[in-house]
Amino acid sequence: MLRPGFLKILQFWLVTLVWFGFINSFPQLQAKPFSWSFSQQDSLDFSGDGRPKRTAGGASRGECQVSQPNEALTALIPDTSVALTVSATPKFWFYVPYNMTENHAAELVLKDSEGNFVYRDRFSGTEIDTGIMSLSLPPSVELSTDRNYDWYFLIYCDEQNPDRFVYVHGSVRRVQNPVNQRQVKPVDRQAELTLYTQAKIWHDALDLIAQNLQTQPQNPQLQEDWFELLESVDLEYLAERSF
């Protein structure tokens, strides 16, 4: 008959051997080279959210080269709490002073009022133009009416350290379209623009002028409208920046 003390020792070693066998059954983890997948950025922390942060950065950031001295990433938005839109899939406009390459990247993030991710997409640096540019929400992502959403546009400029980035932040709310509420709809761009500006619908007023200005860059009326709209939010210094 086996002694009780011997049985306890035998039991201990059997449990130990089984445990080590279980641990070793897992595949070995190997270090992966750095890539712009941003999988490590699943929980972005933006301290000081609330009031829009429409400018970011300075002369340079990591490996990004600034095309204009002393200029910063800038969101073309009012310096207020919420900018309005009538679009379910609005377009966001930015001034990007960086010369982006395939080694850089950008990210557009949209959250609802409870902080839940509604949309998130990454872009190669080659997809981000220097100058005035825009990013749109896809048709699959629609804003609900009369709800606030927070958006963030990030530029990753340091290939060796993806935790370093600059960003701009703002809030958007979708409202009823004043054009649709009129019995007689405006027949020209200027009348439509007037309706948007009177109702303080920023995103659509900006988008209406910007899209027309891209196709008619020498149109003096569009140039004037563009300058006056940017001037109304103290961004007139960007009026002559190229698209």
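One can find the structure itself at the top, above this paragraph.
Residues numbered from 1 in each chain as written. Predicted model: local features only at pLDDT ≥ 70, side-chain atom pairs only at ≥ 80, totals over all residues. Heavy atoms only, no water.

## Remarks on the nonpolar core
Across soluble globular proteins, nonpolar side chains show a tendency to be buried alongside one another. For the record, the criterion: By convention a nonpolar core is built from buried Ala, Val, Leu, Ile, Met, Phe, Trp, Tyr and Cys residues, the set being connected through side-chain atoms within 4.5 Å. Buried means the residue's accessible area, taken with a 1.4 Å probe over protein chains only, is under 20% of the maximum for its type, while exposed means over 50%, and partly exposed covers the values in between. Each helix corresponds to a stretch of at least 4 residues labelled H or I by DSSP, and each strand to a stretch of at least 2 residues labelled E; elements are numbered beginning at the N terminus. The criterion used for residue contact is that any of the two residues' heavy atoms lie within 4.5 Å.
The biggest cluster of nonpolar side chains holds 58 residues, and the ones touching the most others in it are Leu76, Phe94, Tyr98, Trp151, Phe153, Ile155 and Trp226. A total of 7 residues in this core trace back to one element, the largest contributor, which is helix α3 (residues 202-215). If we ignore the near neighbours within four places in the chain, the residues touching Trp151 are Ala75, Ile77, Phe92, Phe94, Val109, Leu110, Val168, His169, Gly170, Ser171 and Val172. Among the nonpolar cores identified, the runner-up in size contains 6 residues, and Tyr152, Leu154, Tyr156 and Tyr167 belong to it.

## What about the sheet that holds strand β11 (residues 165-174)?
Rules: The rule for pairing is simple: two strands pair if DSSP sees at least two bridges between them. Lines fitted to C-alpha atoms define the axes here, with helix axes fitted over just the stretch in contact, and angles between the N-to-C directions of these axes take values from 0 to 180 degrees.
With mixed pairing, the 5 strands of this open sheet are ordered in space as β4-β11-β10-β7-β8. The open sheet has two free edges, formed respectively by β4 (83-85) and β8 (117-124), since each of these has just one partner strand. Between one strand axis and the next, the sheet turns by 25° as a mean value, whatever way the strands run. In this sheet, β8 lies alongside strand β7 (residues 105-112) in antiparallel orientation, the contact comprising 7 bridges. Note that in β8 the partner of Lys111 across the bridge is Phe117. The sheet strands contacting α3 are β4 and β11, and the helix crosses β4 at an angle near 70°.

## Thoughts on the sheet that holds strand β5 (residues 91-96)
Note: strands within a sheet are paired through backbone hydrogen bonds, in either parallel or antiparallel orientation. Pairing is antiparallel in the open sheet, where 4 strands are placed in the order β1-β3-β5-β9. Single-partner strands in this sheet number two, and they are β1 (55-56) and β9 (131-136). Two elements, β1 and strand β3 (residues 73-75), share 2 bridges in a ladder whose sense is antiparallel. Among the inter-strand pairings, Thr55 is bridged to a residue of β3, identified as Thr74.

## A closer look at the packing of aromatic side chains
The condition that has to hold: By convention, a stacked pair of Phe, Tyr or Trp rings (six-membered ring in the case of Trp) has centres within 6.5 Å and planes under 30 degrees apart, an edge-to-face pair has planes over 60 apart, and any other such pair is tilted.
According to the stated counting rule, one finds 8 aromatic pairs in the structure shown. Geometrically, the ring pair formed by Trp93 and Phe243 is edge-to-face, given 6.0 Å between the ring centres and 90° between the ring planes. Taken as a pair, Trp93 in strand β5 and Phe243 in the segment after α4 (220-231) lie far apart in primary sequence, 150 residues in all. With relative accessibility at 3%, the residue Trp93 sits in the buried group. Given a relative accessible area of 33%, Phe243 falls into the partly exposed group. The interplanar angle of 50° and the centroid separation of 6.5 Å between the aromatic rings of Tyr152 and Tyr167 together place this pair among those described as tilted. Of this pair, Tyr152 sits in strand β10 (residues 148-156) while Tyr167 sits in strand β11, and the two are 15 residues apart along the sequence. Of the two residues, Tyr152 and Tyr167, both sit in the buried class. Through successive ring pairs, a cluster of aromatic residues spans Phe92, Phe94, Trp151 and Phe153.

## Concerning the packing of α3 against α4
Quick reminder of the rule: Crossing handedness is read from the near helix: turned anticlockwise from the far helix by less than a right angle, it gives a left-handed crossing, and turned clockwise, a right-handed one. Gly is placed with the polar residues, together with every amino acid not listed as nonpolar (Ala, Val, Leu, Ile, Met, Phe, Trp, Tyr, Cys and Pro) or charged (Asp, Glu, Lys and Arg).
Look at α3 against α4: their axes get within 10 Å of each other, and the N-to-C directions meet at 150°. Judged by the twist between their axes, the crossing of α3 over α4 is left-handed. Listed contacts from α4 to Trp202, Ala205, Leu206, Ile209, Ala210, Asn212 and Leu213 of α3 are Leu222, Gln223, Asp225, Trp226, Leu229 and Leu230. Of the residues contributing to the contact of α3 with α4, the split by class is 10 nonpolar, 2 polar and 1 charged.

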